[in-house]
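Each chain, letter by letter, is given below.
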Amino acid sequence: MTSDYHVIMADADRLDEVGPLFRGMVEHHRAVTGDQWPVRDAEQAWQRRRRQYTAWLAGGRSWLLLADASAGGQPAAGYAMVRLTEPGPTWDLGATMGELESLAVAEQARGQGVGTMLMDASRDLLRAHGASFWSVGVVEVNTDAVRLYERAGFQPFYRQLLGPL
C-alpha cells in the first residue's frame, strides 16, 4: 500500500541508498533480456551511474526522488531520477522538457503503487519547472515497465534500434 511510503526530494548525500535499487534494476534487465543483450556487472554499472547522478545533481537541473518508508529507519523502497533537457529541433515541445531518467522499485515493494507514486511526484516536479512534455526510455521486453509507463500516459514516440557491429 502506498500509504506506507512518502516521496521526498534527496540530494547526493543519499545516493548510497540508491545503489541497491539501481543494482537490482540492472539484474532485472539481465533477467528480462536474457542472453539477447550484454549487461554490465551490476556493481560496475552502479559506479558508472553514480558518477552520472552526482554530476547531474550538481548541475541544478536534475532531482532525486526517494520513496521513503513512513515508519522510518528502513531503506528507500524506490527512487526516480528526473532531469530537464532541451528538446530536439524538430518537435515543438516547449523550451524545456523532462526526462524520467531512471525509475527503480525494490522487488518487495513492487505492485504496491510505489512506481506510480514516484512518477506522479516526478511529473509534478517537472511541470513546476516549466516542462510540458517528458520522456522515458524502456527496454521493450520489460513488459511490466511498459504497462506502468503507458498507464501514466506515455506513448510510443521514437523507436531506437540497436544492433551489433
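Predicted model, so just to flag it, every value in this text is computed and none were measured.

A. Just the sheet that holds strand S4 (residues 97-105), in detail. Taken together, five strands build an open sheet; the order of strands is S1-S2-S3-S4-S5 and the sheet is mixed. Since the sheet does not close on itself, it has two edges, and those belong to strand S1 (5-10) and strand S5 (134-136), each with one partner. Neighbour-to-neighbour, the strand axes of the sheet open up by a mean angle of 25°, direction not taken into account.

B. Spatial organisation of the packing of aromatic side chains. Tallying each qualifying case throughout the model produces eight aromatic pairs. Note on Trp134 and Phe154: the rings are 4.7 Å apart at their centroids and 35° apart in plane angle, and the pair reads as tilted. Of this pair, Trp134 sits in strand S5 while Phe154 is found in the segment after helix H4 (143-151), placing the two residues 20 residues apart along the sequence. A ring pair is formed by Tyr149 and Phe154, whose centres lie 5.9 Å apart and whose planes are at 80°; its orientation type is edge-to-face. No difference in accessibility class separates Tyr149 from Phe154, as the two residues are buried. Ring pairing ties together the aromatic residues Phe22, Trp46, Tyr53, Trp56 and Tyr79, which thus form one cluster. Above the ring of Trp56, the side-chain terminus of Arg83 is found at 4.1 Å from the ring centroid.

C. Local environment of helix H1 (residues 15-33). Taking 1.5 Å per residue as the helical rise, H1 with its 19 residues ought to reach 27 Å, and the 26 Å between its terminal C-alpha atoms agrees with that figure. Buried residues in H1 make contact with helix H2 (42-58), strand S2 (62-69), strand S3 (78-85) and S4.

Cut-offs used in this document
Residues numbered from 1 in each chain as written. Predicted model: local features only at pLDDT ≥ 70, side-chain atom pairs only at ≥ 80, totals over all residues. Heavy atoms only, no water. Pairing = 2+ DSSP bridges. Helix = DSSP H or I, 4+ residues; strand = E, 2+ residues; numbered from the N terminus. Axes fitted to C-alpha atoms, helices over the stretch in contact; angles between N-to-C directions. Phe/Tyr/Trp six-rings, centres within 6.5 Å; stacked < 30°, edge-to-face > 60°. Buried < 20%, exposed > 50% of the residue type's maximum accessible area, 1.4 Å probe, protein only. Lys NZ or Arg CZ within 6 Å of the ring centre and 35° of its normal. Expected span 1.5 Å × (residues − 1). Contact = heavy atoms within 4.5 Å.

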